[in-house]
Amino acid sequence: VQLQASGGGLVQAGGSLKLSCAASGLTFSNYAMGWFRQAPGKEREFVAAVNWNGGNTYYGDSVKGRFTISRDNAKNTVYLQMNSLKPEDTAVYYCAARYGLVAITNIRNYDYWGQGTLVTVSS
């Protein structure tokens with residue numbers, strides 16, 4: 001199983017970025033997907049999750065109303081649209097896959113992880 005995250009970069013505060021995570025080696029529609037992030041010196045934290053068909057989504061409190069998670073099962077890809085970015089959103093963003101249909105926010109319930117993509121938001 002491989003999860004390849006991309007789309008990170010440097011953006012000014014208030015700007016937008018869209019992350020993508022392409023999955024291979026699994027039956028994508030059998031997996032709920034999540035995004036997590038880890039800032040320097042901090043623990044990895046939950047950002048967003050989506051169930052198997054995109055019908056249910058969950059967000060961390062710090063990103064609600066600004067970030068949107070979505071998926072395209074035909075392309076085996078999950079996305080994270082990030083708007084109104086803040087310097088505190090600076091982190092390495094990881095996508096993760098959890099076998100099962102239901103989206104979960106707990107980091108321990110995920111089976112596979114991507115390599116991460118760095119998002120830097122300048123003030």
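Heads up: the structure comes first, above all this text.
The rules behind the values
- Residues numbered from 1 in each chain as written.
- Predicted model: local features only at pLDDT ≥ 70, side-chain atom pairs only at ≥ 80, totals over all residues.
- Heavy atoms only, no water.
- Helix = DSSP H or I, 4+ residues; strand = E, 2+ residues; numbered from the N terminus.
- Rg over C-alpha atoms; globule rule 2.2 N^0.38 Å.
- Buried < 20%, exposed > 50% of the residue type's maximum accessible area, 1.4 Å probe, protein only.
- Contact = heavy atoms within 4.5 Å.
- Areas by Shrake-Rupley, 256 points an atom, 1.4 Å probe, with all protein chains shown as cover.
- Lys, Arg positive; Asp, Glu negative; His and termini not counted.
- Charge placed at Lys NZ, Arg CZ, Asp CG, Glu CD.
- Core = buried A, V, L, I, M, F, W, Y, C linked by side-chain atoms within 4.5 Å.
- Polar contact = N/O pair within 3.5 Å; in protein donor to acceptor, adjacent residues only side chain to side chain.
- Pairing = 2+ DSSP bridges.
- Axes fitted to C-alpha atoms, helices over the stretch in contact; angles between N-to-C directions.

> Sorry, what's going on with the overall build of the protein here?
Of the regular secondary structure elements, the protein holds zero helices and 11 strands. Secondary structure elements in the protein, listed N-terminal to C-terminal, are β-β-β-β-β-β-β-β-β-β-β. Computed over C-alpha atoms, the radius of gyration of the protein comes to 13 Å, within 12% of the 14 Å expected from 2.2 N^0.38 for 123 residues, which places it in the range of a compact globule. Dimensions of the protein, computed from the C-alpha atoms along their principal axes, are close to 40 × 25 × 25 Å. Buried residues in the protein amount to 42% of all 123 residues. Taking as baseline every contact in the protein between residues at least 6 positions apart, the subset at least 24 positions apart corresponds to 59%. Within the structure as shown, the protein displays about 6,200 Å² of accessible surface, and the carbon and sulfur contribution to it stands at 45%. Charge separation in the protein, taken as the distance between the mean sites of 11 positive and 7 negative side-chain charges, equals 3 Å.

> Is there a simple way to explain the environment of serine 70 in this structure?
For serine 70, the position within the fold is in strand β7 (residues 67–72). Separated by 42 residues in sequence, serine 70 and phenylalanine 28 place their C-alpha atoms 13 Å apart. The contact partners of serine 70, leaving out residues within four places of it in the chain, are Val78 and Tyr79.

> Would you mind going over the nonpolar core with me for this structure?
One recurring pattern in soluble globular proteins: nonpolar side chains tend to sit buried together. One finds Trp35, Leu80, Met82 and Tyr93 to be the most contacted residues of the largest nonpolar core, which totals 29 residues. For this core, the secondary structure elements donating two or more residues are β1 (2–6), β3 (17–24), β4 (31–38), β5 (45–50), β7, β8 (77–82), β9 (91–99) and β11 (117–122). Ignoring sequence-local partners within four residues, the contact set of methionine 82 consists of Gly15, Ser16, Leu17, Leu19, Arg66, Phe67, Tyr93 and Val119. Core analysis: the next-biggest nonpolar cluster, separate from the first, contains six residues, Phe36, Phe46, Ala49 and Ala103 among them.

> Sorry, what's going on with the side chain of threonine 117 here?
Its place among the elements puts threonine 117 in strand β11. From its side chain, threonine 117 meets the backbone nitrogen of glycine 8 in a polar contact 3.1 Å long. When residues no more than four places from it in sequence are discounted, the contact partners of threonine 117 are Ala5, Ser6, Gly7, Gly8, Leu19, Ala91, Val92 and Tyr93.

> For this particular structure, what's the right way to read unusual backbone geometry?
Excluding glycine, a negative phi dihedral is what most residues carry, and trans is how most peptide bonds are arranged. Notably, asparagine 76 is not glycine yet its phi reads approximately 55 degrees, a positive angle. Looking at the secondary structure, you find asparagine 76 in the loop between β7 and β8. Positioned with a positive phi, serine 84 is a non-glycine residue whose angle comes to about 50 degrees. Looking at the secondary structure, you find serine 84 in the loop between β8 and β9.

> Help me understand the sheet that holds β1, please; the structure alone is not making it clear to me.
The four strands lie next to each other as β1-β3-β8-β7, forming an open sheet whose pairing is antiparallel. Edge positions in the sheet fall to β1 and β7, since each has one partner strand and no second. Geometrically, the sheet is characterised by an average inter-axis angle of 15 degrees between neighbouring strands, direction not taken into account.

> Help me out: how do you make sense of the pairing of β1 in this one?
Regular strands place their side chains on alternate faces of the sheet. Only one face of β1 is covered, namely the one carrying Leu3 and Ala5; the face carrying Gln2, Gln4 and Ser6 has none of its residues buried. Across five bridges, β1 lies against β3 in antiparallel orientation. Within β3, the position partnered with alanine 5 by the bridge is cysteine 21.

In short, geometric facts, not functional conclusions.
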